[in-house]
Amino acid sequence: MAIPILKRWRSYFDESPHEGLGSSYERVILNLKLEQLRSNYQITTCLEAPVFGFTGLSGINSLDLARRGVRVTLVDNHQERLGLIENTWRQVEAKCDTAWVEEFASLPFGDKVFDMSWNFSAMWFVSDINSFIKDLTRITRKAIFICVPNRLGLGFLSQKYISGADLRDELREECIIPRNILRVMGLFGWKLVERGYIDAPPWPDIGMKKEEFLKLFGLGGMLKKREESAQPPLTIMDYYGGNDPEFPEKMLRYYWFEQKAPRFVKAIWAHHRYLLFEPADNNG
């Protein structure tokens, strides 16, 4: 969780945005999960709504799906940001459809037009969880994938204490509570088929740069080569633009903790949780 992004999200739309190690790792791990879902459910159309979440450069979470042939639609309630997102996709010659909405309670699409709908750390921008999920289930055929911040995580709890005013005034924490999401999804005929933790690297979900944290604990050796070669700011956009083909492999060097940590450790360490739903009648 990074509360400051509420005020400085525009700063990431620079020519070469620096997202840092934390967001860079997060994006690669998320891509792995999205590719699994694409393959398992034979996804050809996908909606990401809301598209703005708590990560660096806005609006690129579904970009890897688009590169794999999925028709992606992005929904945002901020017109300027949506325009900047569209420009970012054009820069790497990727295609997406976009839609602006004033409120997420009503989504401007027909029934069952998307194979999958999803969002990442964005549910707390929804003003009415019942209305949003009602419409999300209406327009989705096969799967709904929702990622929320891990509210029991040490990083979330510490940042919530530090940034309490912003959290209370600008976000709706009740919309990221898993039991609330489960309850409403059930009301509209969808069942939970998988849940778990995601984005659990060997550093906590803290406000400081992850590079600095790793150095504090003697884990910065993997960063040495990057520092010595004076590479440009760390961003997955270099990978999408073809300038850093080894970007995923570099981030996966930190995947060992997420793979091996037991569930009870992830419960207080992982940065996010996920919930995967299917229609209860399983007719899609």
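Predicted, not measured: the structure shown is a model, and the values here were computed from it.

Chemist: Give a detailed account of the overall build of the protein chain, specifying residues and quantitative values.
Modeler: Per the secondary structure count, the protein chain includes 14 helices and seven strands. Considering only contacts in the protein chain between residues 6 or more positions apart, those separated by 24 or more positions represent 82%. Surface summary for the protein chain: the accessible area is close to 13,000 Å², and the carbon and sulfur share equals 50%.

Chemist: Explain the nonpolar core to me, using residue names and the numbers behind them.
Modeler: One finds Leu 47, Val 75, Trp 89, Met 116, Met 123, Phe 145 and Ile 181 to be the most contacted residues of the largest nonpolar core, which totals 79 residues. Sort the elements by how many residues they give to this core and helix 2 (residues 20-41) lands first, with eight residues. When neighbours within four sequence positions are excluded, Met 123 is seen to be in contact with Ile 129, Phe 132, Ile 133, Ile 146, Val 148, Cys 175, Ile 176 and Ile 181.

Chemist: Mind laying out helix 8 (residues 178-187), listing which residues take part and the relevant values?
Modeler: Along helix 8, the residues that are buried comprise Pro 178, Asn 180, Ile 181, Val 184 and Met 185. Projected onto a plane normal to the axis of helix 8, the buried residues spread over an arc of 160 degrees and lie on a single side. In this structure, helix 8 carries Arg 179 and Leu 187 as exposed residues pointing more than 90 degrees from its buried face. Elements in contact with the buried residues of helix 8: helix 5 (129-139), strand 5 (140-149), strand 6 (190-198) and strand 7 (272-279). One or two positions beyond helix 8, positive phi appears at Gly 189, with a value near 85 degrees.

Chemist: Before we move on, could you go through the pairing of strand 1 (residues 45-48) and cite the residues and values that matter?
Modeler: Of the two faces of strand 1, the one lined by Thr 45 and Leu 47 and the one lined by Cys 46 and Glu 48 are each fully buried. In this structure, strand 1 lies alongside strand 2 (residues 71-76), joined through four bridges in parallel fashion. Note on strand 2: the bridge partner recorded for Glu 48 is Leu 74. The pairing of strand 1 with strand 4 (residues 114-120) spans three bridges and is classified as parallel. Directly across from Leu 47, in strand 4, lies its bridge partner Ser 117.

Chemist: Could you give an account of the sheet that holds strand 4, with specific residues and numbers?
Modeler: With respect to topology, seven strands assemble into an open sheet ordered 3-2-1-4-5-7-6, the strand pairing being mixed. Edge positions in the sheet fall to strand 3 (97-100) and strand 6, since each of these pairs with one other strand and no more. Across this sheet, the average inter-strand angle for adjacent strands is 20 degrees, counted without regard to direction. Where strand 6 and strand 7 come together, eight bridges link them in antiparallel fashion. Following the sheet pairing, Glu 194 is matched in strand 7 by Leu 276. The strands touched by helix 2 within the sheet are strand 4, strand 5, strand 6 and strand 7, with strand 5 carrying the most contacts at an inclination of about 160 degrees. Where helix 5 meets the sheet, it contacts strand 1, strand 4, strand 5 and strand 6, and its direction lies at approximately 140 degrees from that of strand 5.

Chemist: Kindly report on unusual backbone geometry, identifying the contributing residues and their values.
Modeler: Between Ala 49 and the following residue, Pro 50, the backbone shows a cis peptide bond with an omega angle of -10 degrees. Structurally, Pro 50 is set in the loop between strand 1 and helix 3 (63-67). Even without glycine at this site, Gln 42 takes up a positive phi of about 55 degrees. Of note, Gln 42 is situated in the loop between helix 2 and strand 1.

Chemist: Residue-level account of the pattern of salt bridges, with values.
Modeler: A complete count under the given rule lists 14 salt bridges for this structure. A salt bridge links Arg 27 to Glu 19; the nearest nitrogen and oxygen atoms lie 2.6 Å apart. Neither Arg 27 nor Glu 19 differs from the other in exposure class; each is buried. Shared partners join several salt bridges into a network, and the residues in it are Glu 35, Arg 38, Asp 64, Arg 67 and Arg 68.

Chemist: Hey, could you go over the packing of helix 5 against helix 8 for me, with residue numbers and the actual values?
Modeler: A pair of packed helices is characterised by two quantities: the angle between their axes and the separation of those axes. Relative to each other, helix 5 and helix 8 sit at 50 degrees, their axes nearing to 9 Å. Accordingly, the angle class assigned to the pair helix 5 and helix 8 is oblique. Seen from above, helix 5 lies across helix 8 with right-handed handedness. Taken together, the residues of helix 8 that come into contact with helix 5 (itself represented by Ile 129, Asn 130, Ile 133 and Thr 137) are Asn 180, Ile 181, Arg 183, Val 184, Met 185 and Leu 187. Class assignment of the residues belonging to the contact of helix 5 with helix 8 gives a composition of six nonpolar, three polar and one charged.

Chemist: Residue-level account of the packing of aromatic side chains, with values.
Modeler: All chains considered together, the criterion is met by 14 aromatic pairs. Between Trp 9 and Phe 52, the aromatic rings sit 6.5 Å apart at their centres with planes inclined by 65 degrees, giving edge-to-face as the arrangement. Placement of Trp 9 in the loop between helix 1 (5-8) and helix 2 and of Phe 52 in the loop between strand 1 and helix 3 is noted, with a sequence separation of 43 residues between them. The exposure classification of Trp 9 matches that of Phe 52, with both residues buried. Relative to Phe 156, the ring of Trp 124 has its centre 6.3 Å away and its plane inclined at 20 degrees; by these criteria the two rings are stacked. Of the two residues, Trp 124 is situated in the loop between strand 4 and helix 5 and Phe 156 in helix 6 (residues 154-162); the sequence distance between them amounts to 32 residues. As far as the burial class goes, Trp 124 and Phe 156 line up, both buried.

So, how was this worked out
- The written sequence of each chain sets the order in which its residues are numbered from 1.
- Predicted model: local features are reported for residues with pLDDT of at least 70 only, side-chain atom pairs are reported and counted for 80 or more only, and whole-chain, interface and lining totals are derived from all residues.
- Neither water nor hydrogens contribute to the side-chain values; these are computed over all heavy atoms in the structure.
- A run of DSSP states H or I qualifies as a helix once it reaches four residues; a run of E qualifies as a strand once it reaches two. Both are numbered from the N-terminal end.
- We call two residues in contact when some of their heavy atoms are within 4.5 Å.
- Exposure was quantified through the Shrake-Rupley algorithm and a 1.4 Å probe, taking into account, for residues, occlusion by the shown protein chains and nothing else.
- The term nonpolar core refers to a set of buried residues drawn from Ala, Val, Leu, Ile, Met, Phe, Trp, Tyr and Cys, joined through side-chain atoms within 4.5 Å.
- When accessible area is computed with a 1.4 Å probe and restricted to protein chains, residues below 20% of their type maximum are described as buried, those above 50% as exposed, and intermediate ones as partly exposed.
- Taking the helix axis as origin, the arc is that swept by the directions to the C-beta atoms.
- Two strands qualify as a pair provided that DSSP identifies no fewer than 2 bridges between them.
- Angles shown run from 0 to 180 degrees and are taken between the N-to-C directions of axes, each axis being a line fitted to C-alpha atoms and, for helices, limited to the stretch in contact.
- When a carboxyl oxygen of Asp or Glu lies within 4 Å of a side-chain nitrogen of Lys or Arg, that pair is called a salt bridge.
- Each angle gets one of four labels, with under 35 degrees taken as roughly parallel, over 145 as roughly antiparallel, 65 to 115 as roughly perpendicular, and the rest as oblique.
- A crossing counts as left-handed when the near helix is turned anticlockwise from the far one by less than a right angle, and as right-handed when that turn is clockwise.
- Polarity classes work like this: nonpolar for Ala, Val, Leu, Ile, Met, Phe, Trp, Tyr, Cys and Pro, charged for Asp, Glu, Lys and Arg, and polar for all others, with Gly in that last group.
- Under the pairing criterion, centres of Phe, Tyr and Trp rings, with the six-membered ring standing for Trp, must be within 6.5 Å; the plane angle then separates stacked pairs below 30 degrees from edge-to-face pairs above 60, leaving the rest tilted.

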